[in-house]
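# Close look at the chain arrangement
So you can see what is in the structure, the chains are spelled out below.
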Amino acid sequence: MQDFHSIITGQQTFFETNQTKEVRFRKEQLKKLLKVLRENEQQLTDAAWKDLHKSNFETFATELGLVYGEIKEAIRKVKRWSKPKRVITNLANLPGCSMIYPEPYGNTLIIGAWNYPYLLTLGPLIGAMAAGNTIILKPSELTPTCSTTLTKILNEAFDPGYFKVIEGGVAETQSLLQEQFDYIFFTGSTQIGKIIYKAAAENLTPVTLELGGKSPCIIDRDAALKVAAKRIAWGKFINAGQTCNAPDYLLVHHSIKDWFLEYIKAYIISFYGNDPKQSPDYPRIVNRSNFERLKNLIDSDKVYCGGETDESELYIAPTILDNVTWNDPIMEDEIFGPVLPVLTFEDFFETVKVLKQKPKPLALYYFGRNKGRHKMILNELSFGSGAINDTVMQITNSRLPFGGVGNSGIGTYHGKVGFATFSHHKSVLKQVTWIDIPLKYAPYNKLKLNVVKKVL
Ligand code: NAD
């Protein structure tokens, strides 16, 4: 195993030079990042094909394209984001002035997940760079070609004292966690998120935890059924369901279920053909253990469509399971694959009550036209992010903070919020010396107390 301690000490020394605090330096690094990614785009997309059978289109549209957009935004705006901000000073501190200075935390660690091997590593990296930190990036070992390609490209381009990619699995991550960082950004499962949180607590290191969970998707009786079916089929089966904020399961109003399932099935065929295994656009399951796990979740008695698997290719067809109940094994944990259980409901209000009892999901989707019900969903239910009449697309707007809540995570990022996540906001009162109001000093008296009561 590499000597992580000396790499991190090197980064601490680099940070102390204050180079990363210059906006010019940050912009240069972001520009370099954009350049090397673009120059190596083919290699990166080939790697995603090798690891996940992910098409060039998907790798660009759901990963690199979004990353390029965020880098360009950061280059344009980092100067504005990093400027100290003056805020209104309260009466007690007049005539001083109150300032907020965004400053980098220092040495940061980013741990990525495999399902979007570029978006989930480079996305947080942009925020960390824009905010002026040094960075250790640990991609997931489960997509080894993507991890190795990213490591080679980035480690050749960047000074390791400033930014270094370290490959590895559990042992390497555990070893990295023994080191002292100023910020840890983790994307992965809730279970491993708890391990990261515990390790960070040892040093009181602040964290962002981007985790998972079971994200519900409600289709109400007045939903625009065809468009709902199309958007759900896309959001569920893109990346073969291995999307953290994909709809995990459907709650469909019983009166429209039969039509709705017909439509979804038709869209699966229109996207991937009658045999999705032959489609160049349909990805594979990341590894054997996930394949086995997913295969075991398919209850053959409940298959509405799909259900075919091929172990030699780690292929699982887009699968819909009908007549599922809350007690079925598939409703226990996040599915994270191309299997879509369908439950029905009769009473919308009861359904909201049931969802309220569940752990807060990473995402929630509602399809229906009734504004009152939109309001109720937003008012009653807590979830990381979501959409009304769409799925997954909220993630593409860098102005919308992305992250979970409760069991699905801590903290958010993307765009300006990503910059803020990787910055400490240092608050400073700048006071004058030509006047010193005696009110706060002892000895106290009734008059002073009355004035303080008025001022506060
Ligand atoms: P994971 O938790 O198994 O692994 C994530 C990272 O943690 C990897 O880099 C891995 O090397 C490391 N890791 C694994 N076991 C570890 C251990 N014992 N100690 C220290 N580090 C360890 O998650 P995954 O399988 O890569 O991703 C799937 C999960 O991630 C799903 O739950 C999904 O919902 C979630 N996810 C969330 C988001 C989000 O943005 N919120 C995005 C993608 C995936």
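Residues numbered from 1 in each chain as written. Predicted model: local features only at pLDDT ≥ 70, side-chain atom pairs only at ≥ 80, totals over all residues. Heavy atoms only, no water.

All right, on to a positive patch on the surface then. Together, Arg 38, Lys 72, Arg 76, Lys 79, Arg 80, Lys 83, Lys 85, Arg 399 and Lys 416 give the surface a local cluster of positive charge. Per-element accounting of the positive patch gives the leading share, four residues, to helix H4 (residues 56-82). Relative to the assigned elements, Arg 38 resides in helix H2 (residues 23-39). When its relative accessible area of 42% is taken as the criterion, Arg 38 is described as partly exposed. (Patch = residues over 30% accessible without salt bridge, like charges linked within 9 Å, V, L, I, M, F, W, Y side chains within 5 Å. Areas by Shrake-Rupley, 256 points an atom, 1.4 Å probe, with all protein chains shown as cover. Salt bridge = Lys/Arg side-chain N within 4 Å of Asp/Glu carboxyl O. Lys, Arg positive; Asp, Glu negative; His and termini not counted. Charge placed at Lys NZ, Arg CZ, Asp CG, Glu CD. Helix = DSSP H or I, 4+ residues; strand = E, 2+ residues; numbered from the N terminus. Buried < 20%, exposed > 50% of the residue type's maximum accessible area, 1.4 Å probe, protein only.)

The next point concerns the site of the ligand. Taken together, 26 residues sit near the ligand, with Trp 114, Glu 141, Ser 189, Leu 211 and Glu 334 positioned nearest. Contacts to the ligand include Gly 112, whose backbone N or O atom sits 2.8 Å from an oxygen atom. Interatomic distance of 3.0 Å between a side-chain N/O atom of Gln 174 and a nitrogen atom of the ligand. The protein chains hide 90% of the 840 Å² of surface that the ligand would expose on its own. Counting residues per element, the ones that place at least two in the shell around the ligand are helix H7 (170-177), strand S6 (183-187) and helix H8 (190-202). The element contributing the most residues to the shell around the ligand is H7, with three residues. Both of domain 1 (4-211 + 406-428) and domain 2 (216-398) provide at least three residues apiece to the shell around the ligand. (Near = heavy atom within 4 Å. Polar contact = N/O pair within 3.5 Å; in protein donor to acceptor, adjacent residues only side chain to side chain. Domains from an automatic or database assignment.)

Here we take up H2. Compared with the 24 Å implied by 1.5 Å per residue over 17 residues, the 24 Å span of H2 between its first and last C-alpha is a close match. Listed in full, the buried residues belonging to H2 are Phe 25, Arg 26, Gln 29, Leu 30, Leu 33, Leu 34, Val 36 and Leu 37. (Expected span 1.5 Å × (residues − 1).)

Taking strand neighbours across the sheet as the criterion, the six strands line up as S5-S4-S3-S6-S7-S17 in an open arrangement whose pairing is mixed. If you trace the sheet from one side to the other, it starts and ends with strand S5 (163-165) and strand S17 (409-410), each paired once. Pairing analysis gives three bridges linking strand S4 (residues 134-138) to S5, with the strands arranged parallel. Its bridge partner lying in S5, Leu 137 is registered against Val 165. Of the strands in this sheet, strand S3 (107-111), S4, S5 and S6 touch helix H5 (residues 119-130), which is tilted by about 165° from S3. (Pairing = 2+ DSSP bridges. Contact = heavy atoms within 4.5 Å. Axes fitted to C-alpha atoms, helices over the stretch in contact; angles between N-to-C directions.)

What is expected of a backbone is that most residues other than glycine have negative phi and most peptide bonds are trans. Cis geometry marks the peptide bond from Leu 94 to Pro 95; its omega dihedral reads 10°. Residue placement: Pro 95 occurs in the loop between strand S1 (85-87) and strand S2 (97-104). A cis amide bond links Ala 442 to the next residue, Pro 443, at an omega of 0°. Counting through the fold element by element, Pro 443 comes out in the loop between strand S18 (423-430) and helix H15 (446-455). One non-glycine residue, Ala 240, adopts positive backbone phi at about 50°. Position of Ala 240 among the secondary structure elements: in the loop between helix H9 (225-237) and strand S9 (249-253). Here Ala 240 falls in the buried class, since its relative accessible area comes to 0%. Within the chain, Leu 314 stands out as a residue other than glycine whose phi angle is a positive 55°. By secondary structure assignment, the location of Leu 314 is in the loop between strand S11 (309-310) and strand S12 (315-316). The class of Leu 314 is buried, set by a relative accessible area of 15%.

Here we come to the packing of aromatic side chains. All chains considered together, the criterion is met by 20 aromatic pairs. Ring centres 4.8 Å apart and planes at 75° place the aromatic pair Phe 185 and Tyr 413 in the edge-to-face group. Here Tyr 413 lies in the loop between S17 and helix H14 (415-421) and Phe 185 lies in strand S6, a separation of 228 residues in the sequence. Looking at Tyr 413, the relative accessible area reads 2%, which means it is buried. Note on Tyr 267 and Phe 271: the rings are 6.2 Å apart at their centroids and 35° apart in plane angle, and the pair reads as tilted. Residue Tyr 267 and its partner Phe 271 are located together in helix H10 (residues 257-272), separated by four residues, close to a single helical turn. A connected cluster of aromatic rings, assembled from ring pairs, spans Tyr 105, Tyr 183, Phe 185, Phe 402, Tyr 413 and Phe 422. (Phe/Tyr/Trp six-rings, centres within 6.5 Å; stacked < 30°, edge-to-face > 60°.)

What follows concerns the pattern of salt bridges. All chains considered together, the criterion is met by 16 salt bridges. Residue Arg 24 pairs with Glu 28 through a salt bridge whose shortest N-O separation is 3.3 Å. Linking Arg 24 with Glu 28, this pair stays in helix H2, spanning four residues, or about one helical turn. In this structure, Asp 328 and Lys 302 form a salt bridge, with 2.7 Å as the shortest nitrogen-oxygen distance.

By the burial criterion, the buried members of helix H12 (residues 348-356) are Phe 348, Thr 351, Val 352 and Leu 355. For H12, the angular spread of the buried residues around the axis is 100°, confining them to a single face. Residues of H12 that are buried sit in contact with strand S8 (216-219), S9, strand S14 (339-345), strand S15 (363-367) and helix H13 (371-380). Two to three positions downstream of the cap, the backbone nitrogen of Phe 349 sits 2.9 Å from a side-chain oxygen, assigning the N-cap of H12 to Asp 347. (Arc of directions from axis to C-beta.)

Core analysis: the biggest nonpolar cluster contains 112 residues, and Leu 33, Leu 154, Phe 163, Ile 219, Leu 250, Phe 260 and Ile 264 have the highest contact counts within it. Setting aside its immediate chain neighbours within four residues, Leu 250 contacts Cys 217, Ile 219, Ile 232, Phe 260, Ile 264, Leu 340, Pro 341, Val 342 and Leu 343. Core analysis: the second largest hydrophobic core is formed by 17 residues, Ile 8, Ile 136, Leu 177 and Ile 184 among them. (Core = buried A, V, L, I, M, F, W, Y, C linked by side-chain atoms within 4.5 Å.)

A few words now on the environment of Leu 343. Mapped onto the elements of the fold, Leu 343 is located in strand S14. A relative accessible area of 3% places Leu 343 in the buried class. Sequence-distant contacts of Leu 343, that is, excluding residues within four places in its chain, are made with Tyr 249, Leu 250, Leu 251, Val 252, Val 324, Thr 325, Trp 326 and Met 331.

Looking now at the domain arrangement of the protein chain. Segmentation of the protein chain into domains returns domain 1 (4-211 + 406-428) and domain 2 (216-398). Distance from the C-alpha centre of domain 1 to the C-alpha centre of domain 2: 30 Å. Contacts between the two partners involve 22 residues from domain 1 and, on the opposite side, 22 residues from domain 2. A buried area of about 1,900 Å², summed over both sides, lies between domain 1 and domain 2, and 58% of it is on carbon and sulfur atoms. The tally of links from domain 1 across to domain 2 stands at zero salt bridges. Applying the counting criterion to the domain 1 and domain 2 interface returns ten residue pairs in polar contact (both at pLDDT 80 or more). Residue assignment for the side of domain 1 that touches domain 2 shows that the elements contributing at least two residues are helix H3 (41-52) and H4. (Buried area = accessible area lost by both parts, 1.4 Å probe.)

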